[in-house]
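This is what each chain is made of:
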Amino acid sequence: MKNTALTDVHVALGAKMVPFAGFNMPVQYSGINDEHETVRNGVGVFDVSHMGEFILKGDRAMDLVQKISSNDASKLYDGKVQYAYIPNETGGIVDDFLVYRIDEKTYFLVVNASNIQKDWDWIAKYNTYGVTMKNISDETSLFAIQGPKAAEALASLTDIDLATMEYYTFKKGTFAGVDNVLVSATGYTGAGGFEVYVANEHAKAVWDAIFEAGADYGIKPIGLGARDTLRLEMGFCLYGNDIDDTTSPLEAGLGWVTKFTKDFVNAEGLKKQKEAGLKHKLIGFELMDRGIARHGYGIVDANGNPIGRVTSGTQSPTLKKSIGLGYVAIDHAKEGSDVYIEIRNNRVKAVVVKPPFVK
């Protein structure tokens, strides 16, 4: 079990700690519902330092990114971030990730914690371009300060104009007295906010400064439990639940970041799948009756015939109803269709809805 630089801080704050992606992580502090509401309506801080960070540098760095990424990195400019996935050779997904363009020869990749080594090995395998690769995951801390009051709460800490920062962009500047800090606005909660990347040696000081600056805004530490309910209300995929090595990115609704205008790993295979027509689709659903859909539960039609499976499910703190994501046969994927979730030998009616669940 790995620890982040602030594990002791979370324990001292009374966090419930759980193993997650090989790390000892805070799942909740005051309670998932309270933390969820804090982020939706105010401002909260996630320690997501378990995430992985790679730097790709060299004359042909973009060529390497283009090869391993589904999206088109040629559209990036300095200070722009792009969401993409890393396709495998068999129609599945190695990981979903973020690409930051530092400059024309330098790219900063942010990957999922559970896939750090897998992603590194995969990218290295395709590095026939002489690109210098550096894995800075173990020396980097990452805080996500999320919520509608985030910009206001952090304004006194930085020379970066947070209020005007556009979604999926980043800037470097002084933050909490530390120089050359990378601050981005990518967000996994749908509530707005920023991500702050700092070296581990500055993590405690920056964390303390954030809470001091945000005290008047009711800032709170937030655990992975609320991170999951917040992202699910937005219909955002979680690797290992909704997408993995065996799921089709096209069936997962990631066609919008699949650019067939360039060459990338398994582009031809995915193109053929698209042309042949998809057999399944990742849908959102709301339960009409009591119950909570969990990962792995079966989805059936009105006659009890299997048509798919649940990949994520929770009780939405905002909507006060049970929501979820799951793959179903394509002819049951239309918005407004009735499906049934198998919960403890009961068939619970649900309706297909288009995410985000919370507009």
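In this text the structure is predicted, and so the values were computed from the model without any measurement. Counting restarts for each chain, with residues numbered from 1 along the sequence as it is written. Owing to the predicted nature of the model, reporting of local features is limited to residues with pLDDT of at least 70; listing and counting of side-chain atom pairs is limited to 80 or more, with chain, interface and lining totals taken over all residues. Think of the side-chain values as coming from all heavy atoms in the structure, minus any hydrogens and water.

Caption draft 1: Just the overall build of the protein, in detail. When helices and strands are counted, the protein shows eight helices and 19 strands. We compute the radius of gyration from the C-alpha atoms alone; for a globule the expected value is 2.2 Å times N to the 0.38, where N is the number of residues. For 359 residues, the compact-globule estimate of 2.2 N^0.38 gives 21 Å, and the C-alpha radius of gyration of the protein, at 21 Å, lies within 12% of that figure. Considered along the principal axes of its C-alpha atoms, the protein spans approximately 65 × 50 × 40 Å. When the 359 residues of the protein are sorted by exposure, 57% land in the buried category. Taking the intrachain contacts of the protein between residues at least 6 apart in sequence as the baseline, contacts between residues at least 24 apart amount to 66%. In short, Shrake-Rupley with a 1.4 Å probe defines the accessible areas, and a residue's cover is counted only from the protein chains shown. Carbon and sulfur atoms form 49% of the exposed surface of the protein, whose accessible area is close to 15600 Å². Asp and Glu are treated as the negative residues and Lys and Arg as the positive ones, with His and the ends of the chain left uncounted. Taken as the charge location is NZ of Lys, CZ of Arg, CG of Asp or CD of Glu. A distance of 6 Å separates the average location of the 38 positive side-chain charges in the protein from that of its 45 negative side-chain charges. By definition, any uninterrupted DSSP run of H or I lasting at least four residues is a helix, any uninterrupted run of E lasting at least two residues is a strand, and each is numbered from the N terminus. Partly exposed residues are those whose accessible area sits between 20% and 50% of the maximum for their type, while under 20% is buried and over 50% is exposed, using a 1.4 Å probe and protein chains only. Contact criterion: two residues are considered in contact whenever any of their non-hydrogen atoms come within 4.5 Å of each other.

Caption draft 2: Region of the structure containing the sheet that holds strand 4 (residues 52–57). Strands qualify as paired when DSSP identifies two bridges or more between them. Reading across the sheet, the five strands line up as 5-6-7-4-8 and stay open at both edges, with antiparallel pairing between neighbours. Taken across any chain shown, the strands that pair with only one partner, and hence form the sheet edges, are strand 5 (81–87) and strand 8 (132–135). Pairwise comparison of adjacent strand axes, ignoring direction, gives a mean angle of 25 degrees for this sheet. In the sheet, strand 4 pairs with strand 7 (residues 106–111) via six bridges, with the strands oriented antiparallel. Residue pairing in the sheet places phenylalanine 54 in a bridge with leucine 109 of strand 7. Axis angles are defined between N-to-C directions and span 0 to 180 degrees, where every axis is a line fitted to C-alpha atoms and, for a helix, only to the segment in contact.

Caption draft 3: Quick peek at the sheet that holds strand 17 (residues 321–329). Taken together, six strands build a closed barrel; the order of strands is 14-17-16-15-18-19 and the barrel is antiparallel. Recorded for the sheet is a direction-independent mean angle of 45 degrees between the axes of neighbouring strands. Pairing between strand 18 (residues 338–343) and strand 19 (residues 346–353): six bridges, direction antiparallel. Opposite isoleucine 343, over in strand 19, you have asparagine 346 as the bridge partner.

Caption draft 4: Region of the structure containing the layout of surface pockets. Grid points spaced at 1 Å over the protein atoms alone were grouped into cavities, where a 1.4 Å probe fits but cannot get out, and pockets, open sets with protein on both sides within 12 Å along at least five of seven lines, with lining residues defined by an atom within 4 Å of a point. Grid points are joined across faces, edges and corners, and a volume is the space filled by probe spheres set on the points. Taken as a whole, the second largest pocket spans an internal volume of roughly 350 Å³. Ile136, Asn180, Tyr197, Val198 and Ala199 are the residues nearest the centre of the second largest pocket, which is lined by 17 residues in total. Broken down by secondary-structure element, the contributors of at least two residues to the lining of the second largest pocket are strand 7, strand 11 (178–184) and strand 12 (193–199). The greatest single-element share of the lining of the second largest pocket, amounting to five residues, is contributed by strand 11. Charged means Asp, Glu, Lys or Arg here, nonpolar means Ala, Val, Leu, Ile, Met, Phe, Trp, Tyr, Cys or Pro, and polar covers whatever is left, Gly included. The class makeup of the residues in the lining of the second largest pocket is ten nonpolar, four polar and three charged.

Caption draft 5: The arrangement of unusual backbone geometry in detail. Proline 355 connects to proline 356 through a cis peptide bond whose omega is 5 degrees. As for its position among the elements, proline 356 is in the segment after strand 19. Of note in the backbone geometry, asparagine 266 takes a positive phi value of approximately 60 degrees without being a glycine. Positionally, asparagine 266 belongs in the loop between helix 7 (224–233) and helix 8 (267–276).

Caption draft 6: Local environment of the pattern of salt bridges. Counted as salt bridges are all cases of a side-chain nitrogen of Lys or Arg within 4 Å of a carboxyl oxygen of Asp or Glu. What the rule picks out here adds up to 15 salt bridges. The residue glutamate 233 makes a salt bridge to arginine 40 at a minimum N-O spacing of 3.0 Å. Of this pair, glutamate 233 sits in helix 7 while arginine 40 sits in helix 2 (residues 32–41), placing them 193 residues apart in sequence. The shortest N-O distance in the salt bridge between glutamate 286 and lysine 321 comes to 3.2 Å. Of this pair, glutamate 286 sits in strand 14 (residues 280–287) while lysine 321 sits in strand 17, and the two are 35 residues apart along the sequence. Since its relative accessible area comes to 32%, lysine 321 is described here as partly exposed. One salt-bridge network, held together by shared partners, links Asp228, Arg231 and Asp242.

Caption draft 7: Main features of the pairing of strand 6 (residues 93–103). Counting buried positions along strand 6 yields nine of eleven residues, so the element is predominantly enclosed. Where strand 5 meets strand 6, seven bridges bridge the pair, whose relative direction is antiparallel. Looking across to strand 6, one finds that tyrosine 83 is bridged to leucine 98. As consecutive antiparallel partners, strand 5 and strand 6 are separated by five residues, and within that stretch glycine 91 has a phi angle of approximately 95 degrees, a positive value. Across five bridges, strand 6 lies against strand 7 in antiparallel orientation. Considered in strand 7, the bridge of leucine 98 is made with valine 110. Hairpin connection of strand 6 to strand 7: two residues between the antiparallel strands.

Note that every value here comes from positions in space, so none of it alone points to a role or purpose.
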